[in-house]
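Observations on the model geometry
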2 protein chains.
Amino acid sequence: MGTNDPIGIFDSGVGGLTVLHQLLQLLPEENFVYFGDTARVPYGSKSRQTITHFSFQDVNFLLSQEVKMVVVACNSASSNSLSELKAKYEVPIFGVIEPTIASLSEEISKIGIIGTSATIESGSYQKMIKQKLGNKALLYEKACPLFVQLAEEGLSDSHIADTVIEHYLSKMKANSPQTLILGCTHYPLFINSLQRYFGDSVSLVNPALEVAREVHKYIHENGLENKNGRGDIRFYLSDVPRNFGSVSVNFLQREIEDITKIDIERY
Amino acid sequence: MGTNDPIGIFDSGVGGLTVLHQLLQLLPEENFVYFGDTARVPYGSKSRQTITHFSFQDVNFLLSQEVKMVVVACNSASSNSLSELKAKYEVPIFGVIEPTIASLSEEISKIGIIGTSATIESGSYQKMIKQKLGNKALLYEKACPLFVQLAEEGLSDSHIADTVIEHYLSKMKANSPQTLILGCTHYPLFINSLQRYFGDSVSLVNPALEVAREVHKYIHENGLENKNGRGDIRFYLSDVPRNFGSVSVNFLQREIEDITKIDIERY
């Protein structure tokens, strides 16, 4: 692998486009290979074993595309499978959790974490926050499975979203968290409705932005800048889902033209 | 295959347990093999091509278990892949759509159909209703993707469900359908909230019940009764999802004890 090779990103589906969006902002002269496992999406309701099996296949595919590093955009994969991925592969691999924890101020103590069932139940965010902040950290965690479908239907800032947010998060709100970690690639689409619900005193942390900053820093500290890049993106999916066009525009904030469908079971 | 072999059922996940429940009521002396593709669930947002590829693997697995017939519990697979399945395999294969249409009275004309995006967009229900009732049939169709997650979280008879039903179905209600087809295995869990919303003048049609009646009839007309059966069920899943215990009880109305996890990609 060379510095002019693309950066690989994988996600369970289209949600990782919010991570790609942030990477494009910070690293406009890199090229990218995006793989979304749309045939088997979501990962967030599935077991650690299955998520890890799928993640291995996802990385195998990206390596077949000669990427210089891998970004695990998916919080469910980052929280359940990152250590197995790092143990198996030599290529640099970045998950979304570590840079998110690194971005937290030492001053805060009351932290909310929302994500898929797989992310919340893995305890990864919780464990790393405790390592950083010790026992003074008060954590309020909640899996919010309906958020993914709401986001994909363009309902993340709607009356239904408000009702669902109240259902999942009224107990958390009563604890007055200072910070809320949006621990799923789909959740940045809820920034408006969550900020409205919690009020301006709660700061929302977007792991997509934090991992992009981490990758940016790593590339510059290690002289891995692409000298010939120009923001080219190659999109690969394991299925071309029915709603891909409308959903992808919301997530990436631009149109996606060329998609190659691959058989991920072969990797 | 012999008459004493089990009946095979497959579904994208746990939803097909509503079909198994109906089969157990009508055919208590048959044995069953249930496969739920929980590693790749849902099918309802995915393309016809991917649903058919998965369905082939699902039937291959069931045939490896020497089933005497196959019930496609999943509406998304029944509506997108049944003809390909029937063309490929010699074993009798039953989908949920044909018996549902057969159950409709000739007298009705205003019919609502709800299901996944894959089911609604396939047009299978719509086409078969038009074949039966001709142009006098007025069809109102709506994909309701949030219903699956609501059902799996035990929220199918809740304030959130009422809000989501209003969002999806207010236009349909304004057309005063006489009959509403619950075109997804998860939707029988919404019978209370849908009946409350539409009122008692709307009759709800449950394809799970209709396919069970069809299989019952076929077995008795063809002398395929199991002489040694006693309602044994063998459960196979491609993943053991985090919420399986609580969800399966709601769907099957009994506990599931022994589950075997299989690697469906091998089939």
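Our subject is the structure listed above.
Cut-offs used in this document
- Sequence order as written defines residue numbering, which begins from 1 separately in each chain.
- Chains and ligands are labelled sequentially in the order written, the chains with letters from A and the ligands with numbers from 1.
- In keeping with the predicted nature of the model, local features appear solely for residues at pLDDT of at least 70, side-chain atom pairs appear and are counted solely at 80 or more, and the whole-chain, interface and lining totals rest on all residues.
- Side-chain metrics rest on all non-hydrogen atoms present in the structure, leaving aside hydrogens and water.
- Copies are brought into register by a least-squares superposition over C-alpha atoms of residues with pLDDT of at least 70 in both.
- Note on definitions: a residue-residue contact is assigned when non-hydrogen atoms from the two residues lie within 4.5 Å.
- Each aromatic pair joins two rings of Phe, Tyr and Trp (for Trp, the six-membered one) with centres within 6.5 Å, and gets the label stacked for planes under 30 degrees apart, edge-to-face for over 60, and tilted for any other angle.
- Helix and strand definitions follow DSSP, with helices as H or I runs of at least four residues and strands as E runs of at least two, each counted in order from the N terminus.
- Relative accessibility under 20% of the residue-type maximum defines a buried residue, over 50% an exposed one, and the middle range a partly exposed one, all with a 1.4 Å probe and only protein chains included.
- By definition, being over a ring means that NZ of Lys or CZ of Arg is both within 6 Å of the ring centre and within 35 degrees of the ring normal.
- Buried area is a sum: the accessible area each of two parts loses on coming together, probed at 1.4 Å, counted once for each and added.
- The rule for a salt bridge is simple: a side-chain nitrogen of Lys or Arg has to be within 4 Å of a carboxyl oxygen of Asp or Glu.
- Two N or O atoms count as a polar contact when they lie within 3.5 Å, although within protein this holds only if one can serve as hydrogen donor and the other as acceptor, and sequence-adjacent residues are included solely when both atoms are side-chain atoms.
- Of all possible arcs, the one meant is that of the directions from the helix axis to the C-beta atoms.

Right, let's get into the relation of the copies chain B and chain A. The operation linking the two copies of the chain is a rotation about an axis combined with a translation along the axis. Mapping chain B onto chain A calls for a rotation angle of 180° and an axial translation of 0.0 Å; the resulting RMSD is 0.0 Å. This pairing of chains is accounted for by a two-fold axis. Among all residues of chain B, the minimum C-alpha distance to the rotation axis is found for R40 of chain B, at 2.2 Å. A high fraction, 100%, of the interface residues of chain B reappear at the interface in chain A, so the copies pair face to face through one surface.

Another aspect to go through is the packing of aromatic side chains. Evaluation of the coordinates by the stated rule reveals 24 aromatic pairs over all chains. Summarising the aromatic geometry, the rings of Y34 of chain B and F235 of chain B are spaced 6.1 Å apart at their centres and angled 55° between planes, so their arrangement reads as tilted. Remark: F235 of chain B occurs in strand 9 (residues 233–237) and Y34 of chain B occurs in strand 2 (residues 32–36); sequence separation between them is 201 residues. With respect to burial, Y34 of chain B and F235 of chain B carry one shared label: buried. Taken together, the aromatic side chains of F35, F61, Y236 and Y267 of chain A make up a single cluster linked through ring pairs. When the ring centre of F54 of chain B is taken as origin, the NZ or CZ atom of R40 of chain B, which lies over that ring, is 3.8 Å away.

Okay, the interface of chain B and chain A next. Listed per partner, the contact involves 39 residues of chain B and 39 residues of chain A. For the pair chain B and chain A, the summed buried area comes to about 2900 Å², and 51% of that belongs to carbon and sulfur atoms. Where chain B packs against chain A, one counts two salt bridges. Across the salt bridge formed by R40 of chain A and E265 of chain B, the nearest N and O atoms sit 3.0 Å from each other. For the interface between chain B and chain A, the tally reads 18 residue pairs in polar contact (both at pLDDT 80 or more). Take the side of chain B that touches chain A: its biggest share by element is seven residues, from helix 2 (residues 48–64) of chain B.

A few words now on helix 9 (residues 191–198) of chain B. All names here are of chain B. Turning to helix 9, its buried residues are S193, L194, Y197 and F198. Summarising the axial view, the buried residues of helix 9 lie within an arc of 120°, below the 170-degree limit, and thus occupy one face. On its buried face, helix 9 is in contact with strand 5 (110–115), helix 8 (159–174), strand 7 (179–183) and strand 8 (203–205). Of the residues trailing helix 9, G199 is marked for its positive phi of about 90°.

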